[in-house]
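Structure assessment
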Amino acid sequence: MKRNTSDQHVGVVQEVEKDVPKEQFVQSVFESIATKYDVMNDILSFRRHKAWRKFAMARMDMKQGENAVDICCGTCDWTLSLAEASGSGKIIGLDFSPSMLEVGRRKVNNHKLAENITLIEGNAMSLPFEDHKFDYATIGFGLRNVPDLVQVLHEMKRVVKPGGMVVCLELSKPTWQPFKGIYYFYFEKILPNLGKLFASRYEQYKWLPVSVSLFPGRDELAKIFEQVGLQHVEAHPLTGGIAALHIGIKEI
Ligand SMILES: C[S@@+](CC[C@H](N)C(=O)[O-])C[C@H]1O[C@@H](n2cnc3c(N)ncnc32)[C@H](O)[C@@H]1O
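Rules behind the numbers
- Residues numbered from 1 in each chain as written.
- Predicted model: local features only at pLDDT ≥ 70, side-chain atom pairs only at ≥ 80, totals over all residues.
- Heavy atoms only, no water.
- UniProt positions renumbered as here; feature names shortened; annotations may be inferred.
- Helix = DSSP H or I, 4+ residues; strand = E, 2+ residues; numbered from the N terminus.
- Contact = heavy atoms within 4.5 Å.
- Expected span 1.5 Å × (residues − 1).
- Buried < 20%, exposed > 50% of the residue type's maximum accessible area, 1.4 Å probe, protein only.
- Arc of directions from axis to C-beta.
- Polar contact = N/O pair within 3.5 Å; in protein donor to acceptor, adjacent residues only side chain to side chain.
- Near = heavy atom within 4 Å.
- Areas by Shrake-Rupley, 256 points an atom, 1.4 Å probe, with all protein chains shown as cover.
- Nonpolar A, V, L, I, M, F, W, Y, C, P; charged D, E, K, R; others polar.
- Salt bridge = Lys/Arg side-chain N within 4 Å of Asp/Glu carboxyl O.
- Core = buried A, V, L, I, M, F, W, Y, C linked by side-chain atoms within 4.5 Å.

- The name recorded for the protein in an unreviewed UniProt entry is Demethylmenaquinone methyltransferase, from Paenibacillus crassostreae.
- Its UniProt record gives the protein the following Catalytic activity (unreviewed entry) comment, quoted word for word: "a 2-demethylmenaquinol + S-adenosyl-L-methionine = a menaquinol + S-adenosyl-L-homocysteine + H(+)".
- Listed in UniProt under the heading Pathway (unreviewed entry), the comment for the protein reads: "Quinol/quinone metabolism; menaquinone biosynthesis; menaquinol from 1,4-dihydroxy-2-naphthoate: step 2/2."

Some remarks on the environment of proline 237
- Assignment of secondary structure puts proline 237 in strand E6 (residues 231-238).
- When the C-alpha atoms of proline 237 and aspartate 219 are compared, they prove to be 9.9 Å apart, with 18 residues separating the residues in sequence.
- Apart from residues lying up to four places away in sequence, proline 237 is in contact with Arg218 and Ala243.

A word on helix H2 (residues 22-33)
- Its twelve residues place the ends of H2 17 Å apart at the C-alpha level, agreeing with the 16 Å of an ideal helix rising 1.5 Å per residue.
- Considered for burial, the residues of H2 that qualify are Phe25, Val26, Val29, Phe30 and Ile33. Looking straight down H2, one finds its buried side chains confined to an arc of 125 degrees; they lie on one side.

Some words on helix H7 (residues 149-159)
- For H7, the complete set of buried residues consists of Leu149, Val152, Leu153, Glu155, Met156 and Val159. When H7 is viewed along its axis, its buried side chains cluster within an angular range of 160 degrees and face the same direction.
- On its buried side, H7 packs onto strand E1 (68-71), strand E4 (134-140), strand E5 (160-171) and helix H10 (218-227).
- One side-chain oxygen of the residue at the start of H7 lies 3.1 Å from the amide nitrogen of valine 150, identifying that residue as aspartate 148.

Examining the site of the ligand
- Within the structure, the ligand sits among 19 residues, and Tyr37, Arg53, Cys72, Asp95 and Gly140 are positioned closest to it.
- Between the ligand and arginine 53 there is a distance of 2.8 Å, counted from an oxygen atom to a side-chain nitrogen or oxygen.
- Glycine 140 has a polar backbone atom sitting 2.8 Å from a nitrogen atom of the ligand.
- Protein chains shield 99% of the accessible area of the ligand, which is 590 Å² for the free molecule.
- When its residues are assigned to classes, the shell around the ligand shows ten nonpolar, seven polar and two charged.

A few points about the pattern of salt bridges
- Going through the model one piece at a time under the given rule, you end up with eleven salt bridges.
- A salt bridge links aspartate 77 to arginine 53; the shortest N-O distance between them is 4.0 Å. Taken together, the residues aspartate 77 in helix H5 (residues 77-86) and arginine 53 in helix H4 (residues 48-60) connect sequence positions 24 residues apart. Of the two residues, aspartate 77 and arginine 53, both sit in the buried class.
- Its salt-bridge partner being arginine 105, residue glutamate 102 comes within 3.4 Å of it at the nearest N-O pair. Taken together, the residues span about one helical turn, with glutamate 102 and arginine 105 both in helix H6 (residues 98-110) at a distance of three residues.

Observations regarding the nonpolar core
- Formed by 39 residues in total, the largest nonpolar core has its most connected members in Trp52, Met60, Trp78, Leu82, Ile117 and Leu169.
- Of all the elements, helix H8 (residues 179-199) adds the most residues to this core, at five residues.
- Residues in contact with tryptophan 52, not counting those within four places in the same chain, are Phe141, Leu169, Leu171, Leu238, Thr239, Ile242 and Ala243.

So this is what it looks like as structure tokens:
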């Protein structure tokens, strides 16, 4: 019998929660799509992710010489922007997928930024850095994928300096009709098929709408930032709310 969309969601969630722990499932997804990740990002977001990253960098207003850690850095798009903005500052990219990091490493070398960027294989849930080390901790399209987003935000807050910034760019849930209806149709019905067509991966791209549906909405995530103890929390909707930028400051 053909299952409807919500049944399919239940199926993927059950796979994540019961049979395979979320971390292991997510890692296998990114290991399997690493070489197609960048091109798929452009196709699936209609290249909007580039404008979102630019907006994030503008709000951060990073200064020359400042340092940052980019958590869940994947293929390093944001890591590269951080390094370009900080000039002499040192940037660390951390991810648990060796294949995503390998694609990122090639891009870092192509941009001749290997002296500014260090890539580390590690887990966002337990960052291998001392307290108060960085001016910024960023996470791009990663928070949705971790087993415990509150723990990751605590870790990000721990490793930034007092006055430092915790920044999250993530997919979100549009609320405005009729855009919302069109968007969910694209996201749930069309997007996994595009994943199948262009990357020969259907199940992996089915995870995307599921992970967004399980993730807190924009206002809820802003509250979580505050509960974690971050101050001056900003939440910016992007492209009709399909993505959002959250920023919080660690108290001085
Ligand atoms: C959607 S990609 C985002 C990559 C990149 N930040 C970007 O903006 O394009 C999510 C990344 O998070 C990584 N990831 C997911 N859970 C993680 C965890 N617990 N620890 C470290 N990396 C993780 C995945 O391996 C993947 O590279």
